[in-house]
Amino acid sequence: MTVYFIGAGPGAPDLITVRGLKLIEACPVCLYAGSLVPEEIVQAAPDDALVMDTAPMDLDAIIAEIEKAHGDGKDVARVHSGDPSIYGATAEQMRRLDARGIDYEIVPGVPAFAAAAAKLKTELTLPEIAQTVIVTRTGMKASSMPKGEELETLGKSGATLAIHLSIRNLVYIRAALAPYYGDDCPVVIAYRATWPDELYIRTTLAEMKDAVREAKITRTALVLVGPVFGDVEFRDSDLYNPEYSHVLRNRGKKKVTA
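Quantities reported herein were computed from a predicted structural model and do not represent experimental measurements.

### A few points about the sheet that holds strand β7 (residues 160-164)
Piece 1. Spatial ordering of the open sheet is given by β6-β7-β10-β8-β9, a layout of 5 strands whose pairing is mixed. The outermost strands of the open sheet, each flanked by one partner alone, are β6 (133-137) and β9 (199-204). Between one strand axis and the next, the sheet turns by 20 degrees as a mean value, whatever way the strands run.
Piece 2. Sheet topology places strand β8 (residues 186-191) next to β9; 6 bridges connect them, and they run antiparallel. By the bridge assignment, Val188 is partnered in β9 with Arg202.
Piece 3. Across the sheet, helix α5 (residues 112-120) is in contact with β6, β7, β8, β9 and β10 (221-225); its angle to β10 comes to roughly 70 degrees.

In structure tokens, the structure reads:
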């Protein structure tokens, strides 16, 4: 048998990959993170499949269900929100499967920051404005940040920031980033991106805390920071510049079609 760690995407059921959906449709066991994965996705599991919401389960209980499926020779669809590579707590599961000799594969999904950018119709990298995207979080009670990954350090880059799991840490975010981005730096609060009740608040570092309080947002929100989210002037890239040549196009040479 094989355990498939499947990224279900940010929320909209039709943003799961074709591969991920086909595996859910085929696996006789489906374990999903119910707090963040829409029910429509796991409803694609076979009628006789064992479908379990793992939100109330601890790690040992989840691994026990996988071990049982392994003993029965049944493939498992382990469905996580977004993409399994980002804040999915998948590494600890894979470590235990490695120790038990249980085979697994990873199926990527659409991460929340990419889905939010699509909804905002915003490119996160603009010529001479920002060419780096940093996906990060802030330290909270549950876990601290590794040395060198604090916002005070990352902010020196001036990059586009996608700050996860930090909607209750806005005072710190402003204090850490304002010296580098300025209090008037554009911010977008993306609440439940692509879900039916999604909300996007355009604000600034200085005003984001009041905006979030007014909207009564306390969880499941992404903080996007950077000049790319504002009305910024930027030059065209050279990718489609007729005066710029590359291996697939000669400079100044027009394509002739029949």
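Resuming the write-up.
### A closer look at the environment of Pro108
Piece 1. Looking at the secondary structure, you find Pro108 in the loop between β5 (104-107) and α5.
Piece 2. Judged by relative accessible area, which is 45%, Pro108 ranks as partly exposed.
Piece 3. Spatially, the C-alpha atoms of Pro108 and Phe5 are 8.2 Å apart, while their sequence positions differ by 103 residues.
Piece 4. If near-sequence neighbours (up to four positions away) are discounted, Pro108 is found in contact with Gly7, Thr17, Asp83 and Pro84.

### Some details on helix α3 (residues 59-72)
Piece 1. With 14 residues, α3 extends 20 Å from end C-alpha to end C-alpha; this agrees with the ideal 20 Å at 1.5 Å per step.
Piece 2. Along α3, the positions that sit buried rather than exposed are Leu59, Ile62, Ile63, Ile66 and Ala69. One face of α3 carries all of its buried residues, which in axial projection span an arc of 115 degrees. Exposed side chains of α3 directed beyond 90 degrees from the buried face belong to Asp60, Lys68 and Gly71.
Piece 3. On the buried face of α3, the contacting elements are β1 (3-7), β2 (29-32), β4 (76-80) and α4 (91-100).
Piece 4. Gly73 lies just past α3 and shows a positive phi near 70 degrees.

### Here we look at the sheet that holds strand β3 (residues 50-53)
Piece 1. Spatially, β3-β2-β4-β1-β5 is the arrangement adopted by the 5 strands of the open sheet, whose pairing is parallel. Of all strands in the sheet, those bounded by a partner on one side alone are β3 and β5. Each neighbouring strand pair of the sheet contributes to a mean axis angle of 15 degrees, computed without reference to strand direction.
Piece 2. As defined by bridge partners, β1 adjoins β5 across 4 bridges and the pair is classed as parallel. Across the sheet, residue Val3 finds its bridge partner in β5, namely Tyr104.
Piece 3. Sitting on the sheet, helix α1 (residues 18-26) is in contact with β1, β4 and β5, with an inclination near 135 degrees to β1.

### Remarks on the side chain of Asp83
Piece 1. Mapped onto the elements of the fold, Asp83 is located in the loop between β4 and α4.
Piece 2. This buried residue, Asp83, is left without a salt bridge; Arg19 holds the nearest opposite charge, at 11 Å.
Piece 3. Separated by 2.4 Å, the side chains of Asp83 and Ser85 make a polar contact.
Piece 4. Among all residues touching Asp83, those that are not within four sequence positions of it are Pro108, Gly109, Val110 and Pro111.

### Considerations on a nonpolar patch on the surface
Piece 1. Among the surface-exposed residues, Tyr87, Val133, Val135 and Leu165 lie close enough to one another that they form a single nonpolar patch of about 310 Å² accessible area.
Piece 2. Tracing the backbone through its elements, the reader meets Tyr87 in the loop between β4 and α4.
Piece 3. The class of Tyr87 is partly exposed, set by a relative accessible area of 40%.

### Comments concerning the pattern of salt bridges
Piece 1. Per the counting criterion, the structure on display carries 6 salt bridges.
Piece 2. Between Arg235 and Glu128 there is a salt bridge; the shortest N-O distance is 2.8 Å. In this pair, Arg235 is assigned in the segment after β10 and Glu128 in the loop between α5 and β6, connecting sequence segments 107 residues apart.
Piece 3. Measuring nitrogen to oxygen at the nearest pair gives 2.9 Å for the salt bridge that ties Asp183 to Arg174.
Piece 4. The class for Arg174 is partly exposed, based on a relative accessible area of 34%.

### Concerning the packing of aromatic side chains
Piece 1. Across all of its chains, the model carries 1 aromatic pair by this definition.
Piece 2. Aromatic side chains Phe5 and Tyr104 sit 6.0 Å apart centroid to centroid with 90 degrees between the ring planes, which places their arrangement in the edge-to-face category. In this pair, Phe5 sits in strand β1 while Tyr104 sits in strand β5, placing the two residues 99 residues apart along the sequence.
Piece 3. The exposure class assigned to Phe5 is buried, which follows from its relative accessible area of 0%.
Piece 4. Among the residues examined, Tyr104 registers a relative accessible area of 22% and is labelled partly exposed.
Piece 5. Taking the ring centre of Trp195 as reference, the NZ or CZ of Arg192 above it sits at 4.2 Å.

The rules behind these values
Residues numbered from 1 in each chain as written. Predicted model: local features only at pLDDT ≥ 70, side-chain atom pairs only at ≥ 80, totals over all residues. Heavy atoms only, no water. Pairing = 2+ DSSP bridges. Helix = DSSP H or I, 4+ residues; strand = E, 2+ residues; numbered from the N terminus. Axes fitted to C-alpha atoms, helices over the stretch in contact; angles between N-to-C directions. Contact = heavy atoms within 4.5 Å. Buried < 20%, exposed > 50% of the residue type's maximum accessible area, 1.4 Å probe, protein only. Expected span 1.5 Å × (residues − 1). Arc of directions from axis to C-beta. Lys, Arg positive; Asp, Glu negative; His and termini not counted. Salt bridge = Lys/Arg side-chain N within 4 Å of Asp/Glu carboxyl O. Polar contact = N/O pair within 3.5 Å; in protein donor to acceptor, adjacent residues only side chain to side chain. Patch = residues over 30% accessible without salt bridge, like charges linked within 9 Å, V, L, I, M, F, W, Y side chains within 5 Å. Areas by Shrake-Rupley, 256 points an atom, 1.4 Å probe, with all protein chains shown as cover. Phe/Tyr/Trp six-rings, centres within 6.5 Å; stacked < 30°, edge-to-face > 60°. Lys NZ or Arg CZ within 6 Å of the ring centre and 35° of its normal.

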